[in-house]
Amino acid sequence: MQAQQHLLKYSIKPSVQRIAVMNFLLNNKIHPTVDEIYISLSPSIPTLSKTTIYNTLNLFAEKGAVRVLSIDEKNARYDVDISAHAHFICKGCGKVHDLTDINPDIFKIPEIKGFSFDSAEISYRGTCSNCMN
């Protein structure tokens, strides 16, 4: 799906910066940080700032187009795949991987009196197969 169409799907007005950031997310499923997006896009968009990227990602999250991950203790990471899935972060290389072969029941939000849940984030930490070798 093209970045502009994806933005419009979530009622986000396309701009050069928003299209560039969304295009990066759609084509790089690496759960990037603001810094990683900035390093990749700034050579082609010299006027782009980290603040613009941060604000753009916050807008995307607010509209439901991306999910903010708190799996990384140092940085927020962003996932354009908003479907129910878990994440794994490797303590060796720091890469975040999607885990889709998980029992879908763990994503059901519980109904507990006195609480109103908005979302759930399930993550695992360990060592990936590349770092084990």
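In what follows, the structure referred to is the one given above.
Thresholds, definitions, all that
- Residues numbered from 1 in each chain as written.
- Predicted model: local features only at pLDDT ≥ 70, side-chain atom pairs only at ≥ 80, totals over all residues.
- Heavy atoms only, no water.
- Axes fitted to C-alpha atoms, helices over the stretch in contact; angles between N-to-C directions.
- Helix = DSSP H or I, 4+ residues; strand = E, 2+ residues; numbered from the N terminus.
- Parallel < 35°, antiparallel > 145°, perpendicular 65-115°, else oblique.
- Contact = heavy atoms within 4.5 Å.
- 1 Å grid on protein atoms, 1.4 Å probe; cavity = no way out; pocket = protein on both sides within 12 Å on 5 of 7 lines; lining within 4 Å.
- Points joined across faces, edges and corners; volume = space filled by probe spheres on them.
- Nonpolar A, V, L, I, M, F, W, Y, C, P; charged D, E, K, R; others polar.
- Expected span 1.5 Å × (residues − 1).
- Buried < 20%, exposed > 50% of the residue type's maximum accessible area, 1.4 Å probe, protein only.
- Arc of directions from axis to C-beta.
- Left-handed = near helix turned anticlockwise from the far one by under 90°.
- Salt bridge = Lys/Arg side-chain N within 4 Å of Asp/Glu carboxyl O.

(A) Inspection of the packing of helix 2 (residues 16-27) against helix 4 (residues 50-63) at higher detail. Interaxial distance between helix 2 and helix 4 falls to 10 Å at its minimum, and their mutual angle equals 70°. Between helix 2 and helix 4, the crossing angle belongs to the class labelled roughly perpendicular. Residues Q17, R18, V21, M22 and L25 of helix 2 form the contact with helix 4, whose participating residues are T52, I53, T56, L57, L59 and F60.

(B) Representation of the layout of surface pockets in the model. There is about 190 Å³ of room inside the largest pocket. As for the largest pocket, its lining consists of I71, D72, E73, K74, N75, R77, I89, C90, K91, G94 and R125. Considering only residue class, the lining of the largest pocket consists of three nonpolar, two polar and six charged.

(C) Seen up close, helix 4. Here helix 4 spans 20 Å end to end across 14 residues, near enough to the 20 Å set by a 1.5 Å rise per residue. Regarding helix 4, the residues found buried are I53, T56, L57, L59 and F60. Seen along its axis, helix 4 keeps its buried residues to an arc of 155°; they face one direction. Exposed residues pointing more than 90 degrees away from the buried face of helix 4 are listed as T51 and E62. For helix 4, the elements touching its buried residues are helix 1 (3-9), helix 2, helix 3 (34-41) and strand 2 (77-79).

(D) Main features of the packing of helix 3 against helix 4. Running from N to C, helix 3 and helix 4 cross one another at 120°; their axes reach a closest spacing of 10 Å. Judged by the inter-axis angle, helix 3 sits oblique to helix 4. Between helix 3 and helix 4 lies a crossing of right-handed hand. Judged by residue contacts, V34, D35, I37 and Y38 of helix 3 engage K50, I53, Y54 and L57 from helix 4.

(E) A look at the pattern of salt bridges. The full count for this structure, using the stated rule, is four salt bridges. Where D35 meets K50, a salt bridge forms, and the shortest distance between an N and an O atom there is 2.9 Å. Here the residue D35 occupies a position in helix 3, and K50 occupies one in helix 4, the gap between them amounting to 15 residues. Classification of D35 by relative accessible area gives partly exposed; the value is 34%. Each of the salt bridges in this network shares a partner with another, and the network as a whole consists of E36, D72 and R77.

(F) Structural view of the environment of I106. On the secondary structure map, I106 appears in the loop between strand 4 (96-99) and strand 5 (123-126). Using a relative accessible area of 37% as the deciding quantity, one classes I106 as partly exposed. Separated by 35 residues in sequence, I106 and I71 have C-alpha atoms that sit 17 Å apart. Other than its neighbours up to four places away in sequence, I106 contacts I122 and Y124.

(G) Highlighting the environment of L69. For L69, the position within the fold is in strand 1 (residues 67-69). Measuring from C-alpha to C-alpha, the distance between L69 and M132 comes to 24 Å, with 63 residues separating the pair along the chain. Sequence-distant contacts of L69, that is, excluding residues within four places in its chain, are made with H31, N75, A76, R77, D79, H87, V96 and E121.

So far we have only geometry, and geometry alone does not tell us how the molecule works.
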